[in-house]
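# An overview of the molecular structure
What follows is each chain in one-letter form.
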Amino acid sequence: TLGEERSEWSQGERDRLKVLHEVEQGHRTQSEAGQRMKSRARPVRRVLVRVRAEGDRGVVHWLRGRPSNRKIAAAYQRRVLARVQKRYADFGPTLASEHVAREGLAVSRETLRKWMAEAGLWRVWRRRLQHVHVWRERRAAFGELVMWDTSEHDWLEERGPRLQLIALIDDATSRIGGRFAAHDSTAENLQVLGGWLRQHGRPEALYTDKASLFVVNRPPQLDEQLRGEPPRTQIGRALGELGIEWIPAHSPQAQGRIERLFGTRQDRLVKEMRLAGVSTLEQANRFLEEVFLPQLEQRFTVAPRQRRDAHRPQPGR
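Here's a quick rundown of the structure. Computed from a prediction, not measured in an experiment: that's the story for all the values here.

### With respect to the overall build of the protein chain
Scanning the protein chain from terminus to terminus reveals 12 helices and 5 strands. Relative to its 317 residues, the protein chain shows a buried fraction of 37%. Residue pairs at least 24 apart in sequence account for 66% of intrachain contacts in the protein chain once pairs closer than 6 positions are excluded. With the model as given, the accessible surface of the protein chain reaches about 19,800 Å², and the carbon-plus-sulfur share is 49%.

Shown next as structure tokens:
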């Protein structure tokens, strides 16, 4: 019945019907009704014709209850989901949509997210309320501040040794440098820093945690006291000679940009290396340098507020 149909109408449809009744009763003009309905006079006239012919149900759009003309075919949906389930079952919707698109199965990430959730391949997580840290604005120019950290993870998923990813990321642009290493040692960290220096020059400051590579956890010795110098690690001495300021972070959240980078890499990079069959340290570094980092920079690098490059030339050693 019409009363049962009306119970299923939206509030917007009820409001439009009221306005149309006011037009029929001569209390409003069609132009005024269009303004009230946020439409033009011509669509108002079309709806009025339908209401006069069909009664109040004419206010309901004729496509109500019918499948959209833009709805993706069910066969195509099954084909995409079968491919995801076969090869990308543990991928997130964004990464999975990128890979199936390369195979000629283009679908938006939000559509794939909905399909995967309905098929039980993706679980929608609700974020817990956490303490909100004050957002820190990016530095203005490339090279003003570079963040430095190491992530230990099962990057090769038991196909090879457990590796450490030592990474540098510029705060202003999110440009990235780094390499895999067997150990998080002073020599390996300095090798990563050396690669950044050769490619870009000396940044003004480096931002790290308070790991033992950067902080000496002992009181100063007598000769250090006589010189009036705090105890420094090998990396600390190197930064002093290079004239690079060292800034310690007091919490992981303070290094939010590089922590989020590691989160992205642990999701994407692990799966990309799995698909590429990477199983050794040498293959991992080659894939990182030649494939993954160029793709990551192309997608996530941003333009700095200032065009100048804050890096300085190397001192020649």
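### Re the pattern of salt bridges
Within the structure shown, the criterion is met by 16 salt bridges. Salt-bridge contacts for Glu 137 lead to Arg 305; the nearest nitrogen and oxygen are separated by 3.5 Å. Separated by 168 residues along the polypeptide, Glu 137 in the loop between α7 (109-118) and β1 (146-153) and Arg 305 in the segment after α12 (281-300) bring together distant segments of the chain. Since its relative accessible area comes to 46%, Glu 137 is described here as partly exposed. The exposed category is assigned to Arg 305, whose relative accessible area is 52%. As a salt-bridge pair, Glu 144 and Arg 308 come within 2.8 Å of each other at their nearest N and O atoms. Taken as a pair, Glu 144 in the loop between α7 and β1 and Arg 308 in the segment after α12 lie far apart in primary sequence, 164 residues in all. On the basis of relative accessibility, which here comes to 12%, the residue Glu 144 falls in the buried class. Residues joined by salt bridges that share partners form a network here, namely Asp 90, Glu 157, Arg 159 and Arg 274.

### Thoughts on the packing of helix α8 (residues 186-200) against helix α10 (residues 234-242)
At their nearest, the axes of α8 and α10 sit 10 Å apart, and the two run at 25° to each other. Of the possible angle classes, the one that applies to α8 and α10 is roughly parallel. Once α8 is placed against α10, the crossing between them reads as right-handed. Between α8 and α10, the contacting residues are Thr 186, Asn 189, Leu 190, Leu 193 and Leu 197 on the first element and Gln 234, Ile 235, Ala 238, Leu 239 and Leu 242 on the second.

### Remarks on the packing of aromatic side chains
By the definition in use, this model includes 4 aromatic pairs. Geometry around Phe 91 places Lys 271 over its ring, the cationic atom sitting 5.8 Å from the centre.

### Some details on the side chain of Thr 208
The residue Thr 208 is located in strand β4 (residues 205-208) in this model. Here the side chain of Thr 208 touches Trp 246 through a polar contact of 2.7 Å, side chain to side chain.

### Thoughts on the nonpolar core
Judged by nonpolar contacts, the single largest core of 22 residues is most densely connected at Trp 155, Phe 180, Leu 269, Met 273, Ala 284 and Leu 288. Residue assignment for this core shows that the elements contributing at least two residues are β2 (163-170), β3 (176-181), β4, α11 (256-276) and α12. The element that contributes the greatest number of residues to this core is α12, accounting for 6 residues. Excluding residues that lie within four positions of it along the chain, Leu 288 makes contacts with Leu 165, Gly 178, Arg 179, Phe 180, Leu 269, Leu 293 and Pro 294.

### What about the pairing of β3?
Where β2 meets β3, 6 bridges bridge the pair, whose relative direction is antiparallel. Across the sheet, Ile 166 pairs through a bridge with Arg 179, a residue of β3.

### Remarks on the sheet that holds β2
Overall, mixed pairing links the 5 strands, which are arranged β3-β2-β1-β4-β5 in an open sheet. Looking at the sheet topology across the chains shown, the edges are occupied by β3 and β5 (245-248). Within this sheet the neighbouring strands show an average axis-to-axis angle of 20°, counted without direction.

### Focus on helix α4 (residues 41-54)
Helix length check: α4, at 14 residues, gives a terminal C-alpha distance of 20 Å against a target of 20 Å (1.5 Å per residue), a fit within 8%. Restricting attention to buried positions, one finds in α4 the residues Val 44, Val 47, Leu 48 and Val 51. Each buried residue of α4 sits inside an arc of 105° when the element is viewed along its axis, so together they form one side. Exposed residues on α4 whose side chains face more than 90 degrees from its buried face are Arg 42, Val 49 and Ala 53. Immediately beyond the C-terminal end of α4, within one or two residues, lies Gly 55, with a positive phi of roughly 90°.

Procedures and definitions
Residues numbered from 1 in each chain as written. Predicted model: local features only at pLDDT ≥ 70, side-chain atom pairs only at ≥ 80, totals over all residues. Heavy atoms only, no water. Helix = DSSP H or I, 4+ residues; strand = E, 2+ residues; numbered from the N terminus. Buried < 20%, exposed > 50% of the residue type's maximum accessible area, 1.4 Å probe, protein only. Contact = heavy atoms within 4.5 Å. Areas by Shrake-Rupley, 256 points an atom, 1.4 Å probe, with all protein chains shown as cover. Salt bridge = Lys/Arg side-chain N within 4 Å of Asp/Glu carboxyl O. Axes fitted to C-alpha atoms, helices over the stretch in contact; angles between N-to-C directions. Parallel < 35°, antiparallel > 145°, perpendicular 65-115°, else oblique. Left-handed = near helix turned anticlockwise from the far one by under 90°. Phe/Tyr/Trp six-rings, centres within 6.5 Å; stacked < 30°, edge-to-face > 60°. Lys NZ or Arg CZ within 6 Å of the ring centre and 35° of its normal. Polar contact = N/O pair within 3.5 Å; in protein donor to acceptor, adjacent residues only side chain to side chain. Core = buried A, V, L, I, M, F, W, Y, C linked by side-chain atoms within 4.5 Å. Pairing = 2+ DSSP bridges. Expected span 1.5 Å × (residues − 1). Arc of directions from axis to C-beta.

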